[in-house]
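Now for the letters of each chain:
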Amino acid sequence: MDSTRRTFLTAAGAVAAQNVAQGQDREHEHQAVPSDAALRVKALESLLVEKGLVDRAALDLLVDRFEHKVGPRNGARVVARAWVDPAYKKRLLADAPSAIAELGYTSGQGEHMLVVENGPKVHNLVVCTLCSCYPWAVLGLPPVWYKSAAYRSRAVIDPRGILRECGTQLDEDVEVHVWDSTAELRYLVLPERPAGTDNLSEAELAELVTRDAMVGVSKVPPPGEKV
């Protein structure tokens, strides 16, 4: 494989595709063997519960929180509301934490936030060059690629290259703004509303919004278009 033509993002995509294919090959098996990481996590959890250091019910609540109450679906609702409500959009761009709190989303990982808006001539990209600062309340836990050294460095020195590898082609006259997220200030991208969505409800619009679009590595696809 020619490593000069592969990057960490495309490599990750290939690995993911391989995993899917392997999963399909095993679909008739009674049980797939968990990964080493999953086994280690399960063993650690069992040990902590056995020693009385962790309450399994508390762990279940924590997992449920991040699966159902904290995550990209929250950010998608914020974006959809801004698309359909100009007054809310104005508040969101002026005071993001307060506007986001109107929808019930608050946390210690997003109290100080700034929303930056994409437009026909401006595209925003968010990175944390130091570690993995991220607005948990609206995007959930940061993905592995966001925390990688490759993304953290290249997003600054070659943002257009990163975008191309993610399938986002920008015209040369589009300015790319890179925002460095920190523990003191985190960012959320307000993507452009895609064409052909005038008749969609707020809930239907939220279904189109992806986590990657709110980080800025992609755009929100029109209805029916695959991401």
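Residues numbered from 1 in each chain as written. Predicted model: local features only at pLDDT ≥ 70, side-chain atom pairs only at ≥ 80, totals over all residues. Heavy atoms only, no water.

Caption draft 1: Quick look at the overall build of the chain. Helix and strand content of the chain: 12 helices and four strands. By residue count, 35% of the 227 residues in the chain fall in the buried class. When the accessible surface of the chain is summed, it comes to about 13,600 Å², and 55% of that surface belongs to carbon and sulfur atoms. (Helix = DSSP H or I, 4+ residues; strand = E, 2+ residues; numbered from the N terminus. Buried < 20%, exposed > 50% of the residue type's maximum accessible area, 1.4 Å probe, protein only. Areas by Shrake-Rupley, 256 points an atom, 1.4 Å probe, with all protein chains shown as cover.)

Caption draft 2: Structural context of the pairing of strand S4 (residues 186-190). Counting buried residues in S4 gives five out of five residues, a clear majority hidden from the surface. Burial of S4 is two-sided: the residues Arg186, Leu188 and Leu190 facing one way and the residues Tyr187 and Val189 facing the other way are all buried. Pairing geometry for strand S1 (residues 113-117) and S4, over five bridges, is parallel. Bridging from a neighbouring strand, valine 116 pairs with valine 189 of S4. (Pairing = 2+ DSSP bridges.)

Caption draft 3: How the structure looks around the nonpolar core. Counting 46 residues, the largest nonpolar core has Val78, Leu92, Ile100, Val138, Tyr146, Tyr151 and Val215 as the members making the most contacts within it. Among the elements that take part in this core, helix H4 (residues 72-84) stands out by supplying six residues, more than any other. Not counting residues within four places of it along the chain, the set of residues in contact with valine 215 comprises Asn124, Leu125, Val126, Tyr134, Leu139, Trp145, Tyr146, Tyr151 and Val189. (Core = buried A, V, L, I, M, F, W, Y, C linked by side-chain atoms within 4.5 Å. Contact = heavy atoms within 4.5 Å.)

Caption draft 4: Representation of a nonpolar patch on the surface in the model. Judged by side-chain polarity, Val156, Ile157 and Val178 come together as a nonpolar surface patch covering roughly 270 Å² of accessible area. Of the residues examined, valine 178 reaches a relative accessible area of 33% and is grouped as partly exposed. (Patch = residues over 30% accessible without salt bridge, like charges linked within 9 Å, V, L, I, M, F, W, Y side chains within 5 Å. Salt bridge = Lys/Arg side-chain N within 4 Å of Asp/Glu carboxyl O.)

Caption draft 5: Region of interest: the pattern of salt bridges. Within the structure shown, the criterion is met by seven salt bridges. The shortest N-O distance in the salt bridge between glutamate 117 and lysine 89 comes to 2.5 Å. One end of the pair, glutamate 117, is in strand S1; the other, lysine 89, is in helix H5 (residues 86-94), with 28 residues separating them in the sequence. Looking at glutamate 117, the relative accessible area reads 34%, which means it is partly exposed. For arginine 91, the salt bridge goes to glutamate 102, with nearest N and O atoms at 2.9 Å. With arginine 91 in helix H5 and glutamate 102 in the loop between helix H6 (96-101) and S1, the pair connects residues that are 11 residues apart, well separated along the chain. Residue classification places arginine 91 among the partly exposed residues on the basis of a relative accessible area of 36%. Take glutamate 102: its relative accessible area is 44%, and that puts it in the partly exposed class. Connected through salt bridges with shared partners, the residues Arg154, Asp158 and Glu165 form a single ionic network.

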